[in-house]
Amino acid sequence: MDEKLARKLQQVGEHFNLPGPFFNYEEIHTGNVNHTYRADYIRDDGTGMARIKSYLVQRVNTYAFRDPVGLMDNIDKVTEYIHQKRPGQTCLHFHHTADRKTYLFEGDEFWRICNYVPSVTYDSCDDLEIVRSAAEAFGDFQMILSEFDASQLSYTIPDFHNTRKRYETLIADAQKDELGRVASVKEELDYLLSVQDIACRLTNMLDRGELPLRVTHNDTKINNVLFDEETGRALVVIDLDTVMPGLVAHDFGDAVRFAANFTEEDSEDTSKTGVDLNVFWAFADGFLSQTANMLTENEIDTLALSGFVLACELATRFLDDYIVGDKYFKVKKDHHNVIRTRCQIALAKDMLKKLDAMDAIVHGCAEKYRRKNG
Ligand code: GN1
Ligand code: MG
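About the criteria used
Per-chain numbering applies: the sequence of each chain, read as written, is numbered from 1 onward. The order in which chains are written sets their letters, starting at A; the order in which ligands are written sets their numbers, starting at 1. Local features are withheld for residues below a pLDDT of 70 in this predicted model, meaning they are given only at 70 or higher, and side-chain atom pairs are given and counted only at 80 or more; totals for whole chains, interfaces and linings count all residues. The basis for every side-chain value is the complete set of heavy atoms in the structure, and neither hydrogens nor water enter the calculation. Secondary structure is summarised from DSSP: a helix means a run of H or I of at least four residues, a strand means a run of E of at least two, and numbering begins at the N terminus for each. Only C-alpha atoms enter the radius of gyration, while the globule expectation follows 2.2 Å times N to the 0.38, with N the number of residues. Burial classes follow relative accessibility: with a 1.4 Å probe on protein chains only, a residue under 20% of its type's maximum area counts as buried, one over 50% as exposed, and anything between as partly exposed. The criterion used for residue contact is that any of the two residues' heavy atoms lie within 4.5 Å. Here the Shrake-Rupley method, with its probe set to 1.4 Å, supplies the accessible areas, and only the displayed protein chains count as covering residues. Note: domain ranges come from an automatic or database domain assignment. Simply put, the buried area is the total loss of 1.4 Å probe accessible area from both parts when two parts are fitted together. Here a donor is any nitrogen, oxygen or sulfur atom (N, O, S) within 2.8 Å of the metal, with 3.2 Å used for Na, K and Ca; water is not among the atoms considered, so some sites may look incomplete. For this analysis, a nonpolar core means a set of buried residues of the types Ala, Val, Leu, Ile, Met, Phe, Trp, Tyr and Cys, connected via side-chain atoms within 4.5 Å. Two aromatic rings from Phe, Tyr or Trp, using only the six-membered ring of Trp, form a pair when their centres are within 6.5 Å; if the ring planes differ by under 30 degrees the pair is stacked, by over 60 it is edge-to-face, and anything between is tilted. To estimate how far a helix should reach, multiply one less than its number of residues by 1.5 Å. In these notes, residues near a molecule or strand are those with any non-hydrogen atom within 4 Å of it. The definition of a polar contact used here is a pair of N or O atoms within 3.5 Å, where within protein one atom must be able to donate a hydrogen and the other to accept one, and adjacent residues in sequence count solely through side-chain atom pairs. Only strands that DSSP links by at least two bridges are regarded as paired with each other.

**Overview of the overall build of the chain**
And then number 1: A count of helices and strands for the chain gives twelve helices and nine strands.
And then number 2: Against the 2.2 N^0.38 benchmark of 21 Å for 374 residues, the chain shows a C-alpha radius of gyration of 21 Å, consistent with a compact globule.
And then number 3: Over its C-alpha atoms, taken along the principal directions, the chain stretches across nearly 65 × 60 × 40 Å.
And then number 4: Out of the 374 residues in the chain, the part that is buried amounts to 54%.
And then number 5: Looking at the chain alone, contacts between residues at least 24 apart form 74% of all its contacts between residues at least 6 apart.
And then number 6: Carbon and sulfur atoms make up 48% of the accessible area of the chain, which amounts to about 17000 Å² in all.

**So, the domain arrangement of the chain**
And then number 1: The assigned domain composition of the chain is domain 1 (3–115) and domain 2 (128–373).
And then number 2: With centres defined by C-alpha atoms, the gap from domain 1 to domain 2 works out at 27 Å.
And then number 3: Between domain 1 and domain 2, the contact holds 29 residues from the first and 27 residues from the second.
And then number 4: Where domain 1 abuts domain 2, roughly 2600 Å² becomes buried across the two surfaces, and 57% of that area is made up of carbon and sulfur atoms.
And then number 5: Per-residue buried area on domain 1 facing domain 2 is highest for N32, N74 and Y81; these three make up 24% of the total on that side.

**A look at the coordination of the magnesium ion (ligand 2)**
And then number 1: Distances from the magnesium ion (ligand 2) to its protein donors, D219 (OD) and D239 (OD), fall within 1.8 to 1.9 Å. Within this pair, whereas D219 is found in the loop between β6 (214–216) and β7 (225–227), its partner D239 is found in the loop between β8 (234–237) and β9 (244–246), the two being separated by 20 residues in sequence.
And then number 2: The exposure class assigned to D239 is partly exposed, which follows from its relative accessible area of 23%.

**Some points on the nonpolar core**
And then number 1: If you look at the biggest cluster of nonpolar residues, it comprises 107 residues, and the most contacted ones within it are L145, L192, F252, F280, F283, L288 and F308.
And then number 2: Of all the elements, helix α10 (residues 297–324) adds the most residues to this core, at 15 residues.
And then number 3: If we skip the residues at most four places from it in the chain, F283 touches V131, A135, F138, F252, A255 and V256.
And then number 4: Within the second largest apolar cluster, 16 residues are counted, among which are L5, A39, Y41 and L104.

**Considerations on the packing of aromatic side chains**
And then number 1: Inspection of the entire model under this criterion finds 15 aromatic pairs.
And then number 2: Taking the centre distance of 6.0 Å and the plane angle of 75 degrees together, the rings of Y25 and Y37 count as edge-to-face. Of this pair, Y25 sits in strand β1 (residues 22–28) while Y37 is found in strand β2 (residues 35–44), placing the two residues twelve residues apart along the sequence.
And then number 3: Residue Y37 is classed as buried on the basis of its relative accessible area, which comes to 4%.
And then number 4: Arranged with centres 4.9 Å apart and planes meeting at 80 degrees, the rings of F105 and F110 form a pair that is edge-to-face.
And then number 5: An aromatic cluster is present here, built from Y63, F318, Y328 and F329 joined pairwise through their rings.

**Some thoughts on helix α8 (residues 248–259)**
And then number 1: Helix length check: α8, at twelve residues, gives a terminal C-alpha distance of 17 Å against a target of 16 Å (1.5 Å per residue), a fit within 8%.
And then number 2: Among the twelve residues of α8, twelve are classified as buried, and the element is accordingly described as predominantly covered.
And then number 3: V248, A249, H250, D251, F252, G253, D254, A255, V256, R257, F258 and A259 are the residues of α8 that are buried.

**What about the site of ligand 1?**
And then number 1: Taken together, 16 residues lie near ligand 1, and N32, K221, E265, R317 and Y328 sit nearest.
And then number 2: D219 has a polar side-chain atom sitting 2.9 Å from an oxygen atom of ligand 1.
And then number 3: Take Y328: an N or O atom from its side chain is 2.5 Å from an oxygen atom of ligand 1.
And then number 4: Coverage of ligand 1 by the protein amounts to 95% of the 440 Å² it exposes when considered alone.
And then number 5: Formed jointly, the shell around ligand 1 draws a minimum of three residues from each of two domains, domain 1 (3–115) and domain 2 (128–373).

**Points about the pairing of strand β3 (residues 50–60)**
Look at any regular strand and the pattern is simple: side chains alternate between the two faces of the sheet.
And then number 1: By the bridge criterion, ten bridges tie β2 to β3 in an arrangement that is antiparallel. When the bridges of β3 are listed, A39 appears paired with Y55.
And then number 2: The loop that links β2 with its antiparallel partner β3 comprises five residues; one of these, G46, has a positive phi angle of about 105 degrees.
And then number 3: Bridge count for β3 against strand β5 (residues 109–115) is six bridges, and the pairing is antiparallel. Opposite R59, over in β5, you have W111 as the bridge partner.

**Focus on the environment of N298**
And then number 1: Inspection of the secondary structure puts N298 in helix α10.
And then number 2: In this structure the C-alpha to C-alpha distance between N298 and T79, which are 219 residues apart in sequence, comes to 30 Å.

**Considering unusual backbone geometry**
Most peptide bonds are trans, and most residues other than glycine sit at a negative phi.
And then number 1: One non-glycine residue, R100, adopts positive backbone phi at about 60 degrees.
And then number 2: Residue position: R100 is located in the loop between α2 (68–85) and β4 (104–106).
And then number 3: In this structure R100 comes out as exposed when scored by relative accessible area, which is 62%.
And then number 4: You will see that D239, though not glycine, has its phi angle at about 60 degrees, which is positive.

Right, here's the structure in full:
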């Protein structure tokens, strides 16, 4: 245990008035942006017996999230809205400090604490029932928020899924090449530039008014759904930092590029990287079971392509971060962002090959649920 970090977590807990002695923590390694810990406290259970009570403590990355206070305001509004619509459902609850804030902003450190939900998450998954449940949870999340007034939300990261802006940033940073890193990633850069038109198709359709803006989650990795370990039921959708106006295809595409990849998103061996159509099918089926009646024809037509778009968009982000010096994403090894870029490119290439198959699956599922749900 890192004593300094343990002391810090304990101090943060004091600001939020967490009762009972702090005795342990464990880092939760899933996120690529924020730092997340489970902090354990000892609590009297009322009968004199001691039991362990855990909390989720997070240090929000203020380089990525420039307006963390606005971000917490979004989360408060969204969680409150969901809680009202679904009173019995497991939800996230953020603790307050003595001055009634849901965060502690100290220097450049921004901390928050929420309830720890005992659960399991899946980084990769070939259990199709689990994939389907996660997809239902994300589809349902979007349905719950379909009448939420999006103008109440601030843009926690402006242009988050604006693929064209992501390309513009990459091109500008590659031209500056301040660290002299571009020569070593020329092949990756050339590939991404060669598919720029098709990768920007969603952004262009949005600009032309062909797709509606909805309130979307915007970070739909399957490990952002918590599952009950015993029943296998999806409990709650987490990581609401990027809930903002967006396209349904952003949520669908980001989810499939993560869940339906044969390999992990930063696999060094990309020989197996590609889209698993069985997983894709399960995800499409679960997602459309909740959303088919709400979506427009244009939206449904974009779903198959969205995995490719999101893989390219994320590749531009990883590559840009490498070029400017690995400032945004947490890196765990040398060239981690290049490895991630290569993996997303390998996935994008395979998705393009299987585009027709994915489109047939999406339309098949949409028709099935439109008939069923009337
Ligand atoms: C980041 O931190 P995490 O894992 O929730 C990123 C996503 C990327 C993802 C790639 C706010 O999400 O957009 O898709 O890494 N989140 C933010 O693993 O940038
Ligand atoms: Mg996230």
